[in-house]
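# Survey of secondary and tertiary structure
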Amino acid sequence: MKKENAIEIVKPHLKKKRFEHTLRVADTAEQLAGIYNESKEKATLAAIFHDYCKYRPLEEMKRCIVSTRTLPKDLLDFHHELWHGPVGSVLVEKEYGIVDRDIRSAIYYHTTGRANMSKLEMIIFLADYIEPGRDFPGVHAVRELAREDLLGACLLASKNTINHLLSKGASIYPDTFHAYNDLTKRVN
Ligand code: DGI
Ligand code: FE
Ligand code: FE
Ligand code: FE
């Protein structure tokens, strides 16, 4: 699928701010793909679709999780913010025939990360965090590190997210911890 087609597809599904975020994630992901020798086509498509399901009705996402054999049911015990990635990875295939495993997995794990993230998964996870519209506390340091150290930048983003969730008293999905633990082992 061409970048322009993908953009036209996701546009009506997103609010204006979210659509603009998506375009910035796509640019950032393409830059990271250039630095780290990943496919720019895959990075761009995964980025354009990463928040495709962000505004699906909760009932629809719930039905998708219940009825899709491959989606873990424990997602339903956690905050619904965690659902749009996994559900998106299923619906891009169903609705647009995107079967590429790497792209679908990058969409799936963009919110939490996971253990053993692929390069493409890390690029989307990180691009979503550092795109130029983000102003999380600490994002500047992650942006700088992202230029030369993909694992280190993902670890810092993961650390910041977990700290933020802890400070709010939010529950934390196991994959979020698995990503952090795994990255601490992988960084040099
Ligand atoms: O969809 P975006 O807003 O672009 O970004 P995202 O998909 O990375 O994150 C959506 C929200 O999910 C964000 O506020 C952080 C939050 N989040 C990430 N990991 C966890 C989490 N929330 C909970 N409750 N538990 C997690 O493990
Ligand atoms: Fe998201
Ligand atoms: Fe994110
Ligand atoms: Fe996003």
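Analysis parameters
Residues numbered from 1 in each chain as written. Chains lettered and ligands numbered in written order. Predicted model: local features only at pLDDT ≥ 70, side-chain atom pairs only at ≥ 80, totals over all residues. UniProt positions renumbered as here; feature names shortened; annotations may be inferred. Axes fitted to C-alpha atoms, helices over the stretch in contact; angles between N-to-C directions. Helix = DSSP H or I, 4+ residues; strand = E, 2+ residues; numbered from the N terminus. Parallel < 35°, antiparallel > 145°, perpendicular 65-115°, else oblique. Left-handed = near helix turned anticlockwise from the far one by under 90°. Contact = placed C-beta atoms within 7 Å. Nonpolar A, V, L, I, M, F, W, Y, C, P; charged D, E, K, R; others polar. Near = placed C-beta within 6 Å. Core = buried A, V, L, I, M, F, W, Y, C linked by C-beta atoms within 7 Å. Buried ≥ 20, exposed ≤ 12 C-beta atoms within 10 Å, placed from the backbone.

An unreviewed UniProt entry annotates the protein chain as bis(5'-nucleosyl)-tetraphosphatase (symmetrical) of Oceanobacillus bengalensis. Regarding the protein chain, the relevant UniProt record gives this comment under Catalytic activity (unreviewed entry): "P(1),P(4)-bis(5'-adenosyl) tetraphosphate + H2O = 2 ADP + 2 H(+)".

### With respect to the packing of helix α3 (residues 40–49) against helix α7 (residues 119–130)
At a minimum axis separation of 10 Å, α3 and α7 run at an interaxial angle of 45°. As summarised for this structure, α3 and α7 are arranged oblique, according to the angle between their axes. The element α3 and its partner α7 pack so that their crossing is right-handed. Here α3 contributes Lys 42, Ala 43, Ala 46 and Ala 47 to the contact with α7, which in turn contributes Leu 120, Ile 123, Ile 124 and Ala 127. In the contact of α3 with α7, the residues fall into 7 nonpolar, no polar and 1 charged.

### So, the UniProt feature "domain: HD" (unreviewed entry) in the protein chain
The UniProt record marks residues 18–133 with the feature "domain: HD" (unreviewed entry), using the residue numbering of this structure. Counted over residues 18–133, helix gives 62% and strand 0%. Its end C-alpha atoms are 11 Å apart.

### Remarks on the site of ligand 1
Around ligand 1, the structure places 17 residues, and the nearest of them are His 79, Glu 81, Thr 111, Tyr 173 and Thr 176. Across the shell around ligand 1, the residue classes break down as 6 nonpolar, 7 polar and 4 charged.

### Considering the nonpolar core
Ala 29, Ala 46, Ile 123 and Leu 126 are the most contacted members of the largest nonpolar core, which totals 50 residues. What Ala 29 contacts, discounting residues up to four positions off in sequence, is Ala 43, Thr 44, Ala 46, Ala 47, Ile 123, Ile 124 and Ala 127.

### A few points about the environment of Arg 114
For Arg 114, the position within the fold is in the loop between α6 (101–108) and α7. A sequence separation of 62 residues divides Arg 114 from Thr 176, and the C-alpha atoms of the two residues are 6.3 Å apart. With sequence-adjacent residues up to four places away left out, Arg 114 is seen in contact with Tyr 109, Asp 175, His 178 and Ala 179.

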